[in-house]
Each structure stands twice: as structure tokens, then as C-alpha cells.
Amino acid sequence: MKFRPLHDRVLVKRVESDTKTKGGIIIPDTAQEKPMEGKVIAVGSGVRGEDGKLVALDVKKNDRILFGKWSGTEVKVDGDELIIMKESDILGIIE
């Protein structure tokens, strides 16, 4: 199944977090927090400005991003757990 977000929405896949601390302690699944870092899978076409022109998004496919803890809506697409969020929920791009 192909999925293309609309307008200013972005489809993101979470980046897996480490299961060990720097000291070597293994963190159980129940104590792990979901990572707030992800990879952009797809982006919408943009949003219309006040003048009616289409304004493209700042993020693009394959960008690594940081987002807020409670950002977006979790969905399953082809068995993958993904997040759909607005571009405004993205805190920044990791370069």
C-alpha cells in the first residue's frame, strides 16, 4: 500500500533507541520511553499561503528529525508503526 500525506502533514518512522545505558545496564521494554527521533518517510504537498500560493514544506523525505513526545497520530501502514504529524510538530532537522 502506498500512502501520501496531505497538505502540511509528514509521515515519520521512529528511530530505534538503545536498549542499554552507557554503563551497560539493559533497560527492559516496560521502562523504555519511545524515542523522539525519526526518519521522514513521506511529505505532503505543502500548505496554501494567504496569497493562495502553495508553500512547500521545510522537511523532505529521508530527513532525520526531532519531534515532541506527544506529537502526531500513530498508525500502521503495511505492518510498520508510523506517525502522521503536522510539520509544525517537528522541532528540528538533525544534520
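Everything numeric in this text was worked out from a predicted model, so none of it was measured. (Residues numbered from 1 in each chain as written. Predicted model: local features only at pLDDT ≥ 70, side-chain atom pairs only at ≥ 80, totals over all residues. Heavy atoms only, no water.)

Colleague: Explanation requested: the sheet that holds strand S2 (residues 37–43) in the structure shown.
Modeller: Hydrogen bonds between backbone groups are what pair the strands of a sheet, and the pairing can be parallel or antiparallel. What the 6 strands build is an open sheet, ordered S6-S7-S1-S2-S5-S8; its pairing is antiparallel. The open sheet has two edge strands with one neighbour each: strand S6 (73–77) and strand S8 (90–94). In this sheet, adjacent strand axes meet at a mean angle of 45° when their direction is disregarded. (Pairing = 2+ DSSP bridges. Helix = DSSP H or I, 4+ residues; strand = E, 2+ residues; numbered from the N terminus. Axes fitted to C-alpha atoms, helices over the stretch in contact; angles between N-to-C directions.)

Colleague: I tried to follow unusual backbone geometry on my own but got confused; where do I start?
Modeller: Phi is mostly negative for residues that are not glycine, and the peptide bonds are mostly trans. Positive phi, close to 50°, is recorded for His 7, a residue that is not glycine. The exposure class assigned to His 7 is partly exposed, which follows from its relative accessible area of 48%. For Asn 62, which is not a glycine, the phi torsion comes out positive at approximately 75°. Of note, Asn 62 is situated in the loop between strand S4 (54–55) and strand S5 (64–67). (Buried < 20%, exposed > 50% of the residue type's maximum accessible area, 1.4 Å probe, protein only.)

Colleague: Sorry if this is basic, but what is going on with the nonpolar core here?
Modeller: In a soluble, globular protein the nonpolar side chains are often hidden away together inside. Val 10, Val 12, Val 40, Leu 57, Val 59, Ile 65, Phe 67, Ile 83, Met 85 and Ile 90 form the largest nonpolar core, which has 10 residues in total. Breaking this core down by element, the ones donating at least two residues are strand S1 (9–14), S5 and strand S7 (80–86). Sequence-distant contacts of Ile 65, defined by excluding residues within four places in its chain, comprise Val 12, Met 36, Glu 37, Gly 38, Val 40, Val 59, Ile 90, Gly 92, Ile 93 and Ile 94. Counting 5 residues, the second-largest nonpolar core is a separate cluster that includes Ala 42, Val 77, Leu 82 and Ile 84. (Core = buried A, V, L, I, M, F, W, Y, C linked by side-chain atoms within 4.5 Å. Contact = heavy atoms within 4.5 Å.)

Colleague: Honestly, the pattern of salt bridges in this entry has me stumped. Any pointers?
Modeller: For side chains bearing opposite charge, pairing can occur when the charged atoms are close. Scanning all chains against the criterion turns up 3 salt bridges. In this structure, Arg 14 and Glu 74 form a salt bridge, with 3.2 Å as the shortest nitrogen-oxygen distance. One end of the pair, Arg 14, is in strand S1; the other, Glu 74, is in strand S6, and 60 residues separate them in sequence. Judged by its relative accessible area of 45%, Glu 74 falls in the partly exposed class. As a salt-bridge pair, Asp 63 and Lys 60 come within 3.4 Å of each other at their nearest N and O atoms. Classification of Asp 63 by relative accessible area gives buried; the value is 10%. Residue class for Lys 60 comes out exposed when judged on its relative accessible area of 53%. (Salt bridge = Lys/Arg side-chain N within 4 Å of Asp/Glu carboxyl O.)

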